[in-house]
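# Fold and geometry: a report
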Amino acid sequence: MAFELPELPYAYDALAPYMSAETLEFHHDKHHNAYVTTGNKLAAEAGMGDLPVEDVLKKAYGNNQPLFNNAAQHYNHIHFWKWMKKDGGGTKLPGALESAFASDLGGYDKFKADFAAAGAGQFGSGWAWVAVKDGKLEIMKTPNGENPLVHGATPILGVDVWEHSYYIDYRNARPKYLEAFVDSLINWDYVLEMYEAATK
């Protein structure tokens with residue numbers, strides 16, 4: 001199944017002032033679109049054009065780096081757009097997330113500090129994650145397009161710390177971007193949806 005660029009689930013200006021329309025236009029329309037276009041070409045050449053993106057990135061990991069890079073970034077961004085919403089963030093977590101964050105991550109405040117530290121501490125480009133591994137939540141960071149799927153885990157929340165995700169709005173102040181993401185952008189309902197799917 002060919003990769004397709006999804007529509008943003010909100011208007012380009014919906015996340016302002018925390019993420020500008022200019023950032024979303026570049027990040028979604030240019031960067032994500034390039035992963036889709038290049039990923040489709042490379043997947044077809046590798047005989048994987050009919051596979052779901054999750055299968056493509058797992059098969060390509062360690063075997064076909066260019067294909068892996070584009071397929072993984074496509075997967076990451078499909079979810080990244082949904083992990084944000086207008087008037088997002090907040091400390092009240094829905095449903096089972098609150099108890100899971102308390103038992104596995106030490107509660108909301110510790111999650112916030114550790115997640116921000118993972119994102120700020122990722123040298124160069126990459127991602128910070130909350131993922132389910134062996135039935136428990138853990139915070140991870142990965143370089144470039146890597147994600148928890150290739151490390152035996154399932155992501156339920158991720159933040160993009162490539163500079164194109166924040167440089168227009170925050171310049172080099174990555175910690176400020178991470179704070180705004182957690183405080184004002186996270187779509188906790190989608191995090192819950194992914195948590196429930198990962199722990200079925």
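Residues numbered from 1 in each chain as written. Predicted model: local features only at pLDDT ≥ 70, side-chain atom pairs only at ≥ 80, totals over all residues. Heavy atoms only, no water.

An unreviewed UniProt entry annotates the protein chain as Superoxide dismutase of Rhizobium halophytocola. Taken from UniProt, the Catalytic activity (unreviewed entry) comment for the protein chain reads in full: "2 superoxide + 2 H(+) = H2O2 + O2". (UniProt positions renumbered as here; feature names shortened; annotations may be inferred.)

### Section: the nonpolar core
Grouped together as the largest cluster of nonpolar side chains are 63 residues, with contacts concentrated most on Phe80, Phe111, Leu157, Phe181 and Trp188. It is helix H3 (residues 65-82) that contributes the most residues to this core, seven residues altogether. Discounting residues that sit within four places of it in the chain, Phe111 has contacts with Phe101, Leu105, Val130, Ile139, Leu157, Val182, Ile186 and Trp188. (Core = buried A, V, L, I, M, F, W, Y, C linked by side-chain atoms within 4.5 Å. Buried < 20%, exposed > 50% of the residue type's maximum accessible area, 1.4 Å probe, protein only. Helix = DSSP H or I, 4+ residues; strand = E, 2+ residues; numbered from the N terminus. Contact = heavy atoms within 4.5 Å.)

### Here's the deal with the UniProt feature "domain: Manganese/iron superoxide dismutase C-terminal" (unreviewed entry) in the protein chain
Taking the numbering used here, the UniProt-annotated feature "domain: Manganese/iron superoxide dismutase C-terminal" (unreviewed entry) corresponds to residues 95-192. Across residues 95-192, the secondary structure splits into 46% helix and 23% strand, with the terminal C-alpha atoms separated by 7 Å.

### As for the UniProt feature "domain: Manganese/iron superoxide dismutase N-terminal" (unreviewed entry) in the protein chain
UniProt tags residues 3-84 as "domain: Manganese/iron superoxide dismutase N-terminal" (unreviewed entry). Within the segment residues 3-84, helix and strand shares are 62% and 0% respectively, and the terminal C-alpha atoms sit 21 Å apart.

### Some words on the sheet that holds strand E1 (residues 126-133)
Pairing is antiparallel across the open sheet formed by three strands, whose spatial order is E2-E1-E3. Pairing within the sheet leaves two strands with one partner each, and these edge strands are strand E2 (136-143) and strand E3 (154-160). Between one strand axis and the next, the sheet turns through 20° on average, direction left out of account. Sheet topology note: the E1/E2 ladder contains eight bridges and is antiparallel. Bridge pairing links Gly126 to Pro143 in E2. Helix H4 (residues 96-105) contacts E1, E2 and E3 of the sheet and is inclined by roughly 75° relative to E2. (Pairing = 2+ DSSP bridges. Axes fitted to C-alpha atoms, helices over the stretch in contact; angles between N-to-C directions.)

### Observations regarding H3
Along an α-helix, residues three or four positions apart point the same way, because every turn accommodates 3.6 residues. For H3, spanning 18 residues, the distance from its first C-alpha to its last is 26 Å, which sits close to the expected 26 Å at 1.5 Å a residue. Across the 18 residues of H3, 13 count as buried, placing the element largely inside the fold. One side-chain oxygen of the residue at the start of H3 lies 3.1 Å from the amide nitrogen of Leu67, identifying that residue as Asn64. (Expected span 1.5 Å × (residues − 1). Polar contact = N/O pair within 3.5 Å; in protein donor to acceptor, adjacent residues only side chain to side chain.)

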